[in-house]
Structure formats: structure tokens, C-alpha cells
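Residue-level structural notes
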Amino acid sequence: MRMFRNVMATGLAAGMLMAVGVVQAADDPIATRQAIMSSVGAAAGLGGGMMKGEVAYSPVAGKAAIAAMNAAASSFGSFFPDGSNTGNTGATEAVWDNSEGFAAEIAKFSAATEKAMAAAGKAGPADLDAFKAAMGPVFGTCKSCHETYRKKN
Ligand code: HEC
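Predicted model, so just to flag it, every value in this text is computed and none were measured.

1. Section: the confidence of the model for the chain
Taken residue by residue, the chain gives an average pLDDT of 89. The fraction at 70 or more is 83%. Ranking the helices and strands of the chain by mean pLDDT puts helix α4 (residues 94-97) first, with 98, and helix α1 (residues 2-24) last, with 52.

2. Concerning the nonpolar core
One finds Ile66, Phe80, Val95, Phe102, Met135 and Val138 to be the most contacted residues of the largest nonpolar core, which totals 30 residues. Where this core is concerned, the elements lending two or more residues are α2 (29-51), α3 (59-75), α4, α5 (99-120) and α6 (128-149).

3. Brief notes about α2
The end-to-end C-alpha separation of α2 is 32 Å, in line with the 33 Å expected for 23 residues at 1.5 Å each. Phi turns positive one or two residues past the end of α2, at Gly53, with a value near 80°.

4. Some thoughts on the layout of surface pockets
Here the largest pocket is characterised by a volume of approximately 450 Å³. Lining the largest pocket are 22 residues, with Arg33, Met37, Phe76, His146 and Arg150 sitting closest to its centre. Those elements that provide at least two residues to the lining of the largest pocket are α2, α5 and α6. Per element, the largest residue contribution to the lining of the largest pocket is six residues, and it comes from α2. Among the residues forming the lining of the largest pocket, the class breakdown is 13 nonpolar, six polar and three charged.

5. Regarding the coordination of the iron atom of the ligand
Every protein donor of the iron atom of the ligand is listed here as Met37 (SD) and His146 (NE2), and their distances to the metal cover 2.1 to 2.4 Å. With six donor atoms in place around the iron atom of the ligand and angles of 83 to 179° between them, the coordination shape is octahedral. Linking Met37 in helix α2 with His146 in helix α6, this pair joins segments that are 109 residues apart in sequence. Among the residues examined, Met37 registers a relative accessible area of 26% and is labelled partly exposed.

6. Focus on the side chain of Thr92
Tracing the sequence through the fold places Thr92 in the loop between α3 and α4. Judged by relative accessible area, Thr92 falls into the buried class, the value being 18%. Among the polar contacts made by the side chain of Thr92, one reaches the main-chain carbonyl oxygen of Thr148 at a distance of 2.8 Å. With residues up to four places along the chain from it excluded, the contact list for Thr92 reads Thr148, Tyr149, Arg150 and Lys151.

7. Things to note about the pattern of salt bridges
When the charged atoms of two side chains with opposite charge come close together, those side chains can pair. All told, the structure shown has two salt bridges when counted by the stated rule. Between Glu105 and Lys108 there is a salt bridge, with its nearest N and O atoms 3.3 Å apart. Residue Glu105 and its partner Lys108 are located together in helix α5, separated by three residues, close to a single helical turn. Judged by relative accessible area, Lys108 falls into the partly exposed class, the value being 43%.

What counts and how
Residues numbered from 1 in each chain as written. Predicted model: local features only at pLDDT ≥ 70, side-chain atom pairs only at ≥ 80, totals over all residues. Heavy atoms only, no water. pLDDT = per-residue confidence, 0-100. Helix = DSSP H or I, 4+ residues; strand = E, 2+ residues; numbered from the N terminus. Core = buried A, V, L, I, M, F, W, Y, C linked by side-chain atoms within 4.5 Å. Buried < 20%, exposed > 50% of the residue type's maximum accessible area, 1.4 Å probe, protein only. Expected span 1.5 Å × (residues − 1). 1 Å grid on protein atoms, 1.4 Å probe; cavity = no way out; pocket = protein on both sides within 12 Å on 5 of 7 lines; lining within 4 Å. Points joined across faces, edges and corners; volume = space filled by probe spheres on them. Nonpolar A, V, L, I, M, F, W, Y, C, P; charged D, E, K, R; others polar. Donors = N, O, S within 2.8 Å, 3.2 Å for Na, K, Ca; no water. Tetrahedral: all angles 85-135°; square planar, octahedral: opposite > 155°, others 65-115°. Polar contact = N/O pair within 3.5 Å; in protein donor to acceptor, adjacent residues only side chain to side chain. Contact = heavy atoms within 4.5 Å. Salt bridge = Lys/Arg side-chain N within 4 Å of Asp/Glu carboxyl O.

Dropping the structure here:
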């Protein structure tokens, strides 16, 4: 029951983020892309927690984590217009200086999440091993992109 509530909350939060995205997309691309990445971070927290055994595994929660990342992979790249390199952003200049390289990282993220979606099926990965196999490559893409395109704190 507790897990079920968590999953509902995750879905609700994702829905709210999307609503915020629609309102802010036009005038605040930085806040929008950060909201998208924030939902990726939350999905990584849920997925990583299950992989480490800190959160009980459930296929529906696995699917929620994968689907959130997949949606992020297909929208994230749309919120880096020229001029949004300054201000309150964690993105490095490399996003604009090497836009092809950045696009390639997004394509990797997208391919990995698409593959995970296919492996997850409708109900979500059947067990933790299947979830790990689907999610492992997705996690690899975070570091690969952040290394060059996200500022280090
Ligand atoms: C294609 C590149 C790319 C990939 C892949 C990527 N990120 Fe990011 N991420 C970024 C960039 C760029 C920022 C900074 C955005 C900004 O502040 O404008 C960021 C910011 C973040 C943030 C901070 C969000 C905030 O609230 O400001 C978190 C958390 C995060 N990423 C987690 C992840 C995780 C977890 C993954 C993998 C599952 C991932 N990212 C994959 C590029 C990427």
C-alpha cells in the first residue's frame, strides 16, 4: 500500500511538472529544462533505490521510472534556445559551442530509454534483474552527458 501511494505521488508529480512545462516553455526554457531534469533525478532516485534494495521492487514503479526518463529524453533537447546559456543554469557553454555533441548525447539517452521502454513491456519489468538490465544503460548516459554539458558544483 505504501509503495502504491509512492507510485501515485510520482505520477502526480510528473503530471504537475508537465503542466508547469507547458506554461513556462515559451518564456522560461531554463526553468523548464531544469524541471524536466528534476523529474529525471526523482526517477533515478526511485530506480536506484530499488536497484540497491532500499525500496521494494515493483514492476509498476519500475515502469514509472523508465517512462519518466523516456519522456524527458524526447523533450529535454527542445529547451536550449540561443540566449539561454546565461542566468541561473547548470548547463555549460559546450551545449551551444558543440551543439552536435550535445545532440549526440541526447540521442544516446533517448536510444537507451527507448530500449528500456521496449524491455519493460506494458506492465513494467517483471523482476528486479530485468529492471536492472533495462535501466543500467540508461544510468550510463547521465554521467556521459553531465561530464561535458553540466557544470560541476
Ligand atoms: C543529454 C545530456 C544529459 C543527460 C543524458 C542527462 N542530463 Fe541531467 N542535466 C543535463 C544538463 C545540461 C543539466 C543542467 C540544466 C540547466 O541547469 O540548465 C542537467 C541537470 C540535472 C539535474 C539538476 C536539475 C535541477 O533541478 O536543476 C539533475 C538532478 C540531473 N540532471 C539528473 C540526471 C540523471 C539522473 C540523468 C540520467 C538518468 C541525467 N541527468 C541525464 C544534461 C543531461
